[in-house]
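Below are the chains, spelled out letter by letter.
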Amino acid sequence: AEDGMVLLDFWVSPFGQRCRIALAEKGVDYEYKEENLSDKSPLLLKMNPIHKKIPVLIHHGKPICESLIIVQYIDEIWSNNPLLPSDPYERAKARFWADFVDKKVYECGTRLWKLKGEAREEDRKDMIKILKLLEGELGDKKYFGGETFGFVDVALVPFTAWFHTYEICGNFSIEKECPKLVAWAKRCMERESVSKSLHDSHKVHEFVGYLKRLFGLE
Ligand SMILES: N[C@@H](CCC(=O)N[C@@H](CSO)C(=O)NCC(=O)O)C(=O)O
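These lines cover the structure that appears in this document, whether it is placed above or below. (Residues numbered from 1 in each chain as written. Predicted model: local features only at pLDDT ≥ 70, side-chain atom pairs only at ≥ 80, totals over all residues. Heavy atoms only, no water.)

A look at the packing of helix α4 (residues 88-114) against helix α7 (residues 163-170)
For any two helices packed against each other, the geometry comes down to the angle between their axes and how far apart the axes lie. Packing of α4 against α7 leaves a shortest axis separation of 9 Å and a crossing angle of 45°. The angle between α4 and α7 places the two elements in the oblique class. You can see that α4 and α7 cross each other, and the crossing is left-handed. Within the contact between the two elements, α4 uses V105, G109, L112 and W113 and α7 uses Y166, C169 and G170. Across the contact of α4 with α7, the residue classes break down as 5 nonpolar, 2 polar and no charged. (Axes fitted to C-alpha atoms, helices over the stretch in contact; angles between N-to-C directions. Helix = DSSP H or I, 4+ residues; strand = E, 2+ residues; numbered from the N terminus. Parallel < 35°, antiparallel > 145°, perpendicular 65-115°, else oblique. Left-handed = near helix turned anticlockwise from the far one by under 90°. Contact = heavy atoms within 4.5 Å. Nonpolar A, V, L, I, M, F, W, Y, C, P; charged D, E, K, R; others polar.)

Now the structure itself:
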């Protein structure tokens, strides 16, 4: 592994996939360590004692935690294929939308498969609104970063593997509501960094079925 870089991760985590995509975009070699989140390794507890969550990037024996912080760290250490723009205002805008993804997509998506009835109906409307706002930001650009695949693309694209689950739980078609976003997802999947980091949406849906049983929701 490149000067002993290690990524503590969990196969289906969209947050971990952000780091895998960033490392692949930089062409950087690293050791991938799968965690069992119901039996966390001493290494994970030592490297991320505050949140005890994956992903954690360990570089020169030092931990970097929180996926968007890890991606920015990677972008600063390796200067090829920059993920963030160089202009400070454009960087601020990219960070705003990556933060939007962090604040909105995961929570809303989780509620979509956890809630039932009226609450789920509310959440379904939220999810459509969130995806439409993201589609509005993308507009007719190739990527959120414009012509180049960048920070916001890395932040959001892992969640596209959950779109199938969101559609089933929310009983809506993302293709119908946000055709440009679906076209963007397909474009991203043409990049090896993305296609080798994401899992099949049916595998993700099966995993959600397992979580539902784990939470006694089924
Ligand atoms: N804000 C963080 C979220 C990481 C996270 O939720 N990690 C989950 C697995 S993926 O859903 C995790 O490690 N959960 C373990 C636990 O909560 O015990 C980031 O962006 O890195």
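Structure's up, so let's keep going.
Section: the site of the ligand
Taken together, S13, F15, L37, K40, K53, I54, P55, E66, S67 and Y106 are the residues near the ligand. Contact distances for the ligand include 2.6 Å between an oxygen atom and a side-chain N or O atom of S67. Y106 places a side-chain nitrogen or oxygen 3.1 Å from an oxygen atom of the ligand. Protein chains bury 78% of the 520 Å² of accessible surface belonging to the ligand in isolation. (Near = heavy atom within 4 Å. Polar contact = N/O pair within 3.5 Å; in protein donor to acceptor, adjacent residues only side chain to side chain. Areas by Shrake-Rupley, 256 points an atom, 1.4 Å probe, with all protein chains shown as cover.)

Points about the environment of L23
Structurally, the position occupied by L23 is in helix α1 (residues 14-26). Residues L23 and V71, spaced 48 residues apart in sequence, show a C-alpha to C-alpha distance of 8.1 Å. Not counting the four nearest positions on each side in its chain, L23 is found in contact with M5, L7, V28, Y30, L57 and I74.

Considering unusual backbone geometry
Residue P55 is reached from I54 by a cis peptide bond, and omega for that bond is 0°. Note on placement: P55 falls in the loop between α2 (42-47) and β3 (56-59). The phi angle at E66 is positive, at roughly 80°, despite the residue not being glycine. As for its position among the elements, E66 is in the loop between β4 (62-65) and α3 (67-77). Of note in the backbone geometry, N81 takes a positive phi value of approximately 45° without being a glycine. By the secondary structure assignment, N81 is in the loop between α3 and α4. On the basis of relative accessible area, N81 is assigned to the partly exposed category, the value being 43%. (Buried < 20%, exposed > 50% of the residue type's maximum accessible area, 1.4 Å probe, protein only.)

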